[in-house]
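Structure at a glance
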Protein chains: 2
Amino acid sequence: MSSDPTIVPARRSGKGDPEADEAVYAALHAAILEGRIAAGTKLAETPLAEAFGVSRERIRKVLHRLVAERRLEAVPNRGVRVPQPTLDDVRAIYQAHRVLEAGVLRELAEKLDDRLLGELRMHVGQEQRAAMERDRAASVRLSGAFHLRIADALGNAQLSAMLRDLLTRSSIMVSVYESIAESFCGVQEHGAIVEALARHDVERAIALSGDHFRLVEARLQLRPQPPKVDVARLFGPIGEAGGEEPVRS
Amino acid sequence: MSSDPTIVPARRSGKGDPEADEAVYAALHAAILEGRIAAGTKLAETPLAEAFGVSRERIRKVLHRLVAERRLEAVPNRGVRVPQPTLDDVRAIYQAHRVLEAGVLRELAEKLDDRLLGELRMHVGQEQRAAMERDRAASVRLSGAFHLRIADALGNAQLSAMLRDLLTRSSIMVSVYESIAESFCGVQEHGAIVEALARHDVERAIALSGDHFRLVEARLQLRPQPPKVDVARLFGPIGEAGGEEPVRS
DNA sequence: GCTGGATAGAATGTGCACATTTGGTACGGG
DNA sequence: CCCGTACCAAATGTGCACATTCTATCCAGC
């Protein structure tokens, strides 16, 4: 998180802290993304406000923002819940990713230069190293970053944002439908795509990418038991410099 | 559910009306989309609240929602503004649309059946009829609907949503950078894409689609004088007459 | 005459109290 | 014993008042 060690304003009471919004948002966003909150869990405003040690209005604003971003779903007068995606929803995400990447690869082949090719190869090298070192966390992260890298190469902010959104949604899905051990893509598949691009073989690159996604899609299956935890216990007081007396029951 | 079927609560204008949110959102959304509000215009909360005849909090919520949807941009403590896209932004939108449609066409070719083909041909027929009748409004609407139709054919909600978002963004752009007279696509180009699909000639369909978008892209140019109107005059009080009719100046 | 700062006005942001709705529960009737 | 109804508690939604921040104007100083 961003911290300013140089100047800390005197107002530490947690009242008018403009960073509190972002802190709450980041905490909830990460918790949803990493699957720490079971799908279908209702996120009540009051308990969250007490857990974070901020006002209910602040929680409210963040929750509505997450709803607008489709990360939570809201029922009028009945609060917000963590959406429970169906298997078809997950397949739709991966299909969308596959379709989008096919278009991106076609476009990318026209403007692929040596510098970009070198960067992609370096990235695959990093993935291989992480895989050899059995660094699972790095593998998952780099695997997603590979697809993002391809999209970013076009320099189109819209495409990058769309792909980034799809990736974060996949992350949510993965926690529900896929075992973590299987969640990262195969490294050699990424390398094959890059080499096909290097040969300007667009059709081959797209085909490899398609097979790649279909493979991930085929591995999907419903996990038996999503974790059920109390949201109030999940979020401790945020930011040691901030509020420090949320318990009042 | 309701225990009192006989009593319909008298909807007090502006107080506890749950439809007011949607009405304000729809009015603002449409105004932004149709370019009735000049790019760069600051949307102050108080004047809007008075114009719509609702509380400032309601306006606030709608404005923040529009910001979350990237339809407006916000500067902390300085209100929200209608974003002013650069020419590069517009090109990025169209490139994203082109890239996405290329992927969609490739995928669609595999699952194209006679029924879908018939529907697409019928849609092109409607476009031709609208073009012959010089119905410009219908032409613009059907032209956008054509691309949406293609994406919807895959039955993927994610892809449809992404394309719908790109289309609405194009609409905004068009009002700034393109003369309305040129804003709809050529009908024969749409027909050619459909016929290429009918022959299962994916490469040809994608090439046609690409040329199609590049053509639209090439027509882009900065319009000299965006309209500058007062937002307070634009939005009459809602809920009384049932509709908001903007006053064009 | 021009520049800089200070002040007043306005607009945005936030917390609080209240209104409305929902879901559960207990009670009474069939 | 079961079902329908009325009440109660909790949670969400909303309006209002206040705090904070930005902007524009005016005045003093150079």
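Within every chain, residues take consecutive numbers counted from 1 along the sequence as written. Following the order in which they are written, the chains are lettered starting with A and the ligands numbered starting with 1. Restriction of local features to residues with pLDDT of at least 70 applies here, the model being predicted, together with a cutoff of 80 or more for giving and counting side-chain atom pairs; totals for whole chains, interfaces and linings are based on all residues. Water and hydrogen atoms play no part in the side-chain values, which are based on all heavy atoms of the structure.

1. Notes on the overall build of chain A
Of regular secondary structure, chain A possesses ten helices and three strands. What counts as a helix is a DSSP run of H or I of at least four residues, what counts as a strand is a run of E of at least two, and both are numbered from the N terminus. Ordered by position from the N terminus, the helices and strands of chain A form the series α-β-α-α-β-β-α-α-α-α-α-α-α. Under the scheme applied here, a residue whose accessible area is under 20% of the maximum for its type counts as buried, over 50% as exposed, and between as partly exposed, the area being computed with a 1.4 Å probe on protein chains only. Taken over 249 residues, chain A has a buried fraction of 45%. For chain A, contacts bridging at least 24 residues in sequence account for 73% of all contacts bridging at least 6. The contact rule is simple, with two residues in contact once any of their heavy atoms fall within 4.5 Å.

2. A look at the interface of chain A and chain B
The interface of chain A with chain B comprises 22 residues on the first partner and 22 residues on the second. Summed over both sides, the interface between chain A and chain B buries roughly 2100 Å², with carbon and sulfur atoms accounting for 58% of that surface. Summed over both partners, the accessible area lost on bringing two parts together, with a 1.4 Å probe, is the buried area. Looking at the side of chain A facing chain B, the largest losses of area belong to Val99, Arg106 and Gln158 of chain A, adding up to 24% of the total buried there. A side-chain nitrogen of Lys or Arg and a carboxyl oxygen of Asp or Glu constitute a salt bridge if their distance falls within 4 Å. Inspection of the region where chain A meets chain B yields four salt bridges. In this structure, the salt-bridge partner of Arg98 of chain B is Glu107 of chain A, at a minimum N-O distance of 3.2 Å. Whenever a nitrogen or oxygen atom comes within 3.5 Å of another N or O atom, the pair is scored as a polar contact, on the condition that within protein one atom can donate a hydrogen and the other can accept it, and that pairs from neighbouring residues in sequence are kept only if both atoms are in side chains. Taken together, the connections running from chain A to chain B amount to ten residue pairs in polar contact (both at pLDDT 80 or more). For the side of chain A that touches chain B, the secondary structure elements donating two or more residues are helix H4 (87–110), helix H7 (157–177) and helix H9 (202–218) of chain A. In terms of residues, the side of chain A that touches chain B owes the most to one element, H4 of chain A, which gives twelve residues. Tallied by class, the residues present in the side of chain A that touches chain B amount to twelve nonpolar, four polar and six charged. Throughout, the ten residues Ala, Val, Leu, Ile, Met, Phe, Trp, Tyr, Cys and Pro are labelled nonpolar, Asp, Glu, Lys and Arg are labelled charged, and all others, Gly among them, are labelled polar.

3. Considering the packing of aromatic side chains
To pair, rings of Phe, Tyr and Trp, with the six-membered ring standing in for Trp, must have centres within 6.5 Å; the planes then decide the type, stacked if under 30 degrees apart, edge-to-face if over 60, and tilted in the middle. Counted according to the given criterion, the structure contains zero aromatic pairs over all chains. Positioned over the ring face of Tyr25 of chain A is Arg65 of chain A, at 3.6 Å from the centre of the ring. In this scheme, the term charge over a ring applies when either NZ of a lysine or CZ of an arginine sits within 6 Å of the ring centre and within 35 degrees of the ring normal.

4. Structural notes on the protein's contact with DNA strand D
Distances are taken per atom, and a residue is near a molecule or strand as soon as one of its heavy atoms is within 4 Å of it. By nearness alone, 16 residues border DNA strand D, and Arg56 of chain A together with Ser55, Glu57, Lys61 and Arg78 of chain B come closest of all. Atoms of DNA strand D within 4 Å of the protein belong to the sugar or the phosphate in 65% of instances, the rest to bases. At 2.7 Å from a phosphate oxygen of DNA strand D is found a side-chain nitrogen or oxygen belonging to Ser55 of chain B. Residue classes in the surface near DNA strand D are distributed as one nonpolar, five polar and ten charged.

5. Here's the deal with the packing of helix H1 (residues 19–33) of chain B against helix H3 (residues 56–68) of chain B
All names here are of chain B. As a packed pair, H1 and H3 sit with axes 10 Å apart at the nearest point and diverge in direction by 50°. The angle between H1 and H3 falls in the class oblique. Once H1 is placed against H3, the crossing between them reads as right-handed. In contact with Ala20, Asp21, Glu22, Val24, Tyr25, Leu28, His29 and Ile32 of H1, H3 contributes Arg58, Ile59, Lys61, Val62, Leu63, Arg65 and Leu66. The residue makeup of the contact of H1 with H3, split by class, is nine nonpolar, one polar and five charged. Interaxial angles span 0 to 180 degrees and are taken between N-to-C directions of axes, which are lines fitted to C-alpha atoms, for helices over the stretch in contact. Under this scheme an angle from 65 to 115 degrees is roughly perpendicular, one under 35 degrees roughly parallel, and one over 145 degrees roughly antiparallel; angles in between are oblique. Helix crossings get a hand from a simple test, with the near helix turned counterclockwise from the far one by less than a right angle marking a left-handed crossing and a clockwise turn marking a right-handed one.

6. Looking at the packing of helix H5 (residues 114–132) of chain A against helix H8 (residues 187–198) of chain A
Residues and elements named next belong to chain A. Relative to each other, H5 and H8 sit at 165°, their axes nearing to 9 Å. Taken together, the axes of H5 and H8 are roughly antiparallel relative to one another. Helix-helix and strand crossings are classified by hand; for H5 and H8 the assignment is left-handed. Contact residues: Leu117, Leu120, Arg121, Val124, Glu127, Gln128 and Ala131 in H5; Val187, His190, Gly191, Val194, Glu195 and Ala198 in H8. Across the contact of H5 with H8, the residue classes tally to seven nonpolar, three polar and three charged.

7. Considerations on the sheet that holds strand E1 (residues 42–43) of chain A
For two strands to count as paired, DSSP must find a minimum of two bridges between them. Pairing within the open sheet is antiparallel, and its three strands lie in the order E1-E3-E2 (chain A). Lying at the two open borders of the sheet, with one neighbouring strand each, are E1 and strand E2 (73–74) of chain A.

8. Some points on the relation of the copies chain A and chain B
Note on the identical chains: chain A maps onto chain B by a rotation of 180° and an axial translation of 0.0 Å, with an RMSD of 0.1 Å. What we have between these two chains is a two-fold relation. For chain A, the minimum C-alpha distance to the rotation axis belongs to Gly103 of chain A and amounts to 2.3 Å. Alignment of the copies relies on least squares applied to C-alpha atoms, considering only residues that score at least 70 for pLDDT in both.

9. Remarks on the protein's contact with DNA strand C
Taken together, 17 residues surround DNA strand C, and among them Ser55, Glu57, Lys61 and Arg78 of chain A together with Arg60 of chain B come closest. For DNA strand C, the backbone makes up 69% of the atoms found within 4 Å of the protein, where backbone means sugar plus phosphate. One nitrogen or oxygen atom from the side chain of Lys61 of chain A is found 2.7 Å from a phosphate oxygen belonging to DNA strand C. Note that a sugar or linking oxygen of DNA strand C is positioned 3.4 Å from one of the side-chain N or O atoms of Asn77 of chain A. Here the element with the most residues in the surface near DNA strand C is helix H3 (residues 56–68) of chain A; it accounts for four residues. Partitioned by chemical class, the residues of the surface near DNA strand C number one nonpolar, five polar and eleven charged.

10. Topic: the confidence of the model for chain A
Residues and elements named next belong to chain A. This prediction gives chain A a mean pLDDT of 81; 77% of its residues lie at or above 70. As a per-residue quantity, pLDDT reports the predictor's confidence and falls between 0 and 100. The low-confidence segment residues 1–16, where pLDDT is below 50, has seven contacts with residues more than four positions distant or belonging to other chains. Below a pLDDT of 50 lies the segment residues 238–249, which in the model reaches eleven contacts outside its immediate sequence neighbourhood of four places, other chains included.

11. Comments concerning the sheet that holds strand E1 (residues 42–43) of chain B
All names here are of chain B. The strand order across the open sheet formed by three strands is E1-E3-E2, and the pairing between neighbours is antiparallel. Strands with a single pairing partner mark the edges of an open sheet, and in this sheet they are E1 and strand E2 (73–74). Here E1 runs beside strand E3 (residues 80–81); their pairing, made up of two bridges, is antiparallel. Bridge pairing in E3 places Leu43 opposite Val80.

12. Thoughts on the environment of Ser171 of chain A
Note on placement: Ser171 of chain A falls in helix H7. In this structure, the C-alpha to C-alpha distance between Ser171 of chain A and Gly35 of chain A, residues 136 residues apart in sequence, is 8.3 Å.

13. Regarding the pattern of salt bridges
For the coordinates displayed, the defined rule picks out 36 salt bridges over all chains. Here Glu203 of chain A and Arg106 of chain B are joined by a salt bridge, their closest N and O atoms 3.1 Å apart. Remark: Arg106 of chain B occurs in helix H4 (residues 87–110) and Glu203 of chain A occurs in helix H9; the pair is interchain, linking two chains. With relative accessibility at 18%, the residue Arg106 of chain B sits in the buried group. With a closest N to O distance of 3.4 Å, Glu69 of chain B and Arg65 of chain B form a salt bridge. Here the residues in one salt-bridge network are Glu22, Arg65, Glu69, Arg71, Asp165 and Arg169 of chain A, joined through shared partners.

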